[in-house]
Amino acid sequence: MSPQPQAAVGAPLSRVDGRLKVTGQARYAAEHDVKGTVHAVIIDASIGRGRITAIDSRKAEAQPGVLRVIHHGNAPRLPYKENKASNNPPGTRLQVFQDDKVRFHGQPVAVVIATTLEAAQHAASLVDVEYDAEQPTTELDKGKPDKPTTYARGDVDAGLRKADVRLDLTYRLARNHHNAMEPHATVAHWTGNKLTVWDKTQWIVGTQTELSTVFDLPLTSVRVISPFVGGGFGSGLRCWPHTVVAALAARVTRRPVKLVLNRKQQYFATGFRPEYEYRLRLGSDRRGRLTAMAHDMDHETSSYETFTEGILDPGRMLYSTPNVSQAYRTVPLDVNTPIWMRGPGPATASYVIESALDELADRLGLDPIELRRRNEPDEDESSGLPWSTRRLRECYTMGAREFGWDRRSKKPRSRREGDWLIGMGMAAGVYHTARMPAEARVRLDADGTAVVETAASDMGPGTYTSQTQVAADALGLTIRTVTLKLGDSLYPQTPPHGGSMTMASVGSAVLDGCNKVRHQAVKLAVEDENSPLYGVNADDVVVRSGRLHVQGNPARGETYRQLLARNDRTHLDANGSYAGAPGTERHSLHAYNATFAEVAVDATLGLVRVRRVLGVYDAGRIISPKLAESQAFGGMVGGIGQALLEHTVTDHRDGRIVNANLADYLVPVNADVPDLKAIYLDGEDREADPLGVKGLGEVVMVGVAPAIANAVFNATGRRVRQLPITAEALL
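Parameters and conventions
- Residues numbered from 1 in each chain as written.
- Predicted model: local features only at pLDDT ≥ 70, side-chain atom pairs only at ≥ 80, totals over all residues.
- Heavy atoms only, no water.
- Helix = DSSP H or I, 4+ residues; strand = E, 2+ residues; numbered from the N terminus.
- Rg over C-alpha atoms; globule rule 2.2 N^0.38 Å.
- Buried < 20%, exposed > 50% of the residue type's maximum accessible area, 1.4 Å probe, protein only.
- Areas by Shrake-Rupley, 256 points an atom, 1.4 Å probe, with all protein chains shown as cover.
- Lys, Arg positive; Asp, Glu negative; His and termini not counted.
- Charge placed at Lys NZ, Arg CZ, Asp CG, Glu CD.
- Contact = heavy atoms within 4.5 Å.
- Salt bridge = Lys/Arg side-chain N within 4 Å of Asp/Glu carboxyl O.
- Pairing = 2+ DSSP bridges.
- Axes fitted to C-alpha atoms, helices over the stretch in contact; angles between N-to-C directions.
- Right-handed = clockwise from strand over helix to strand, strands pointing away.
- pLDDT = per-residue confidence, 0-100.

## As for the overall build of the protein
At step 1: Looking only at helices and strands, the protein features 17 helices and 30 strands.
At step 2: Over its C-alpha atoms the protein spans a radius of gyration of 27 Å, differing by no more than 12% from the 27 Å that the globule rule assigns to 731 residues.
At step 3: Based on the C-alpha atoms only, the size of the protein along its principal axes is roughly 80 × 75 × 50 Å.
At step 4: Classification of the 731 residues of the protein by burial places 61% in the buried group.
At step 5: Accessible surface for the protein amounts to roughly 28100 Å². Of this, 48% is attributable to carbon and sulfur atoms.
At step 6: Across the protein, the mean location of the 87 positive side-chain charges is 1 Å away from that of the 85 negative side-chain charges.

In structure tokens, the structure reads:
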């Protein structure tokens, strides 16, 4: 076939759903109202470990409007059957209200259902829960690590022994919470033995599968609806206990139930980026060529589930290193289960690896970029596979030129502006290119408009817009004549909306479905004796603005509307699909970046201010430049938070989170983000997927924190091996 004209893909279009959002017409989970809806408020455990010995709900139940108080003593028994399709480990998930055991501070121990939110909140304050409390273990260095996951190539001990320069460094990274704008919420409604939930979720199919498992229902008896998600950053990548609580409450009361978590509950009900202790030993020769790297990682998980993330990849393949060992251990603690948070794994690993590389460069007297260039691998040394594309060298070159890297002071603490010490730093970043099977349904109507349906979520990166761009070009329509429908389990299934896989996976399915419909129309035209295109080779027909015509001869053709009307067709339709990654990859597929940061540090107070950040990205084909820039800025802001501000504080006496609010848990505000710039290298990666995209939602955050940390060193001469970097650490 002749290549389709690309009028939408690559254009800096505004969001197609933007007007809905700014006018309040986009409806989020808590805004869905079902006739007869009542309200639920969860009561959280006030101890970090132990057992419930008594629950007195009589005062609460006597309040006007209160319908029920449900707890382990009166809740229906739920089957919680093994669910091999769920992302939650089979048989180990938190089983709400099924026993008297308290596993972490804030665990749901009861729920109050009332006719108004105010009545439910007041009644919840009247429920008296007594405990037999035990001392929880919530400190990483006091837990007992699980058996490690290991990796090795070469001989690390020998590589370290023969190294001219050796570093042995230990880093601590604080727990981070997602703090999305929209709180987690669920509206649950039973109709007979069928359950419908409106939920804040990044994985429609995962939530549907989990609920069908918990309530022992056929998958088709559970419908999950989530057309808009007000930010997730990973917090919606699984079905959390509050969603089960809402469904359980709706079943018991036989009323639709709305349950909205308050801001405090977001800190112990929906996961977090776990705290890490990461030891890195590395060696190099005098020219800076790495001889060995040994990675030892510990992070917290819950006592009832084992959470892991892909932290090992960067240490295996980012730099040419003949001898590598890795030991990755989870440490069960009396906490709720962590979950993926933007840039999961590589955002943590990059801070350690890129900070250590900067320290090595300083020890050797090398420019940090030059050190990285000297360790650029020719292939993926962890797999032996060639790169699909890897343009880190170009990222370094372009970034150094655009950022003015030549103005960086080689000697730390040598550039000053009044009370401010000025420094520049950089770091590389990498994130694997993930693809999973996905499906889409496409219908072209007789009026020349199209509808595309797929179950993917949109938590803010612009899925509505980017998928519409792909569909419009594949169908040869304008953006305004394509309607994309997302966020309903009745639509064709898709993978989780996370891991930078949505564009590659769902986009490829949308492309396939739209191509099929366009091919149907072309075939109909060239076989129709009354069509201007009759007898034309189908491969020579393209479609633009809803009009089929001969490539190179726009005058010979007709519109979709004319074609379908003449043939008495109300519509054409097709199901699109994408098989996901092959069983055996032929190439190593990753997105890359080089991030540059400039900071100012108050020499007296130790305050760090980010002046500017630049990111240069090798992320394959860019479907929407405006959305891509927004993604990059979001990643940079998240990286600033990780580097300088975000830190969940736990009172280890009882497991209580001390700063469970946005007054005490600090996130970047506008004043913290003065000057951001993103550059995307032109190109595509056809080894990755039919669209040639690599994914960019995660890689834009990877490398930001170490670039800032390295800039702080350049400004002050102080190495801080913990995140966040605080004023106290610099004084």
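## Things to note about helix 5 (residues 204–214)
Residues three or four positions apart in an α-helix share a direction because the helix packs 3.6 residues into each turn.
At step 1: Along helix 5, 11 of the 11 residues are buried, which leaves the element largely enclosed by surrounding structure.
At step 2: Where helix 5 is concerned, the buried positions are Ile 204, Val 205, Gly 206, Thr 207, Gln 208, Thr 209, Glu 210, Leu 211, Ser 212, Thr 213 and Val 214.
At step 3: Elements in contact with the buried residues of helix 5: strand 10 (194–199), strand 11 (222–225) and helix 6 (241–253).

## Focus on the pattern of salt bridges
At step 1: Considering all chains together, one arrives at 44 salt bridges under this definition.
At step 2: Arg 329 serves as the salt-bridge partner of Asp 298, at 2.6 Å between the closest nitrogen and oxygen. One end of the pair, Asp 298, is in strand 14 (residues 290–302); the other, Arg 329, is in strand 15 (residues 324–333), and 31 residues separate them in sequence. Here Asp 298 and Arg 329 have matching classes, each one buried.
At step 3: A salt bridge links Glu 684 to Arg 686; the nearest nitrogen and oxygen atoms lie 2.8 Å apart.
At step 4: For Arg 686, a relative accessible area of 46% corresponds to the partly exposed category.
At step 5: Connected through shared salt-bridge partners, Arg 415, Glu 417, Glu 598, Arg 611 and Arg 612 make up one network.

## Here's the deal with the sheet that holds strand 12 (residues 257–260)
At step 1: Pairing is mixed across the open sheet formed by seven strands, whose spatial order is 3-5-1-12-9-10-11. Only two strands of the sheet have a single partner each, and these edge strands are strand 3 (66–71) and strand 11. Within the sheet, the average angular offset between the axes of one strand and its neighbour, ignoring direction, is 20 degrees.
At step 2: Here strand 3 pairs with strand 5 (residues 108–114) via five bridges, running antiparallel. By the bridge assignment, His 71 is partnered in strand 5 with Ala 110.
At step 3: Helix-sheet contacts for helix 5 involve strand 10 and strand 11, and the interaxial angle to strand 11 is about 145 degrees.
At step 4: Where helix 6 meets the sheet, its contacts fall on strand 1 (38–44), strand 3, strand 5, strand 9 (185–191), strand 10 and strand 12, and the angle it forms with strand 9 comes to roughly 35 degrees.

## Observations regarding the pairing of strand 10
Successive residues of a regular strand alternate their side chains across the two faces of the sheet.
At step 1: Taken across its six residues, strand 10 has five buried, putting it largely inside the fold.
At step 2: Once strand 9 ends, the chain turns through two residues before running back antiparallel as strand 10, passing Gly 192 with a positive phi of about 65 degrees.
At step 3: Bridge analysis of strand 10 against strand 11 gives four bridges, and the strand direction is parallel. By the bridge assignment, Trp 198 is partnered in strand 11 with Ile 225.
At step 4: Each parallel crossover has a hand, and for strand 10 linked through helix 5 to strand 11 it is right-handed.

## Some details on the confidence of the model for the protein
At step 1: When the pLDDT values of the protein are averaged, the result is 96; 98% of them are 70 or greater.
At step 2: This stretch, residues 84–91, has a pLDDT under 50; its non-local contacts, to residues over four places away or in other chains, come to 19 contacts.

## Looking at the pairing of strand 1
At step 1: For strand 1, the buried fraction is high: six of the seven residues fall into the buried class.
At step 2: Direction of pairing for strand 1 relative to strand 5: antiparallel, over a ladder of six bridges. Counterpart to Asp 44 in the pairing with strand 5 is Pro 108.

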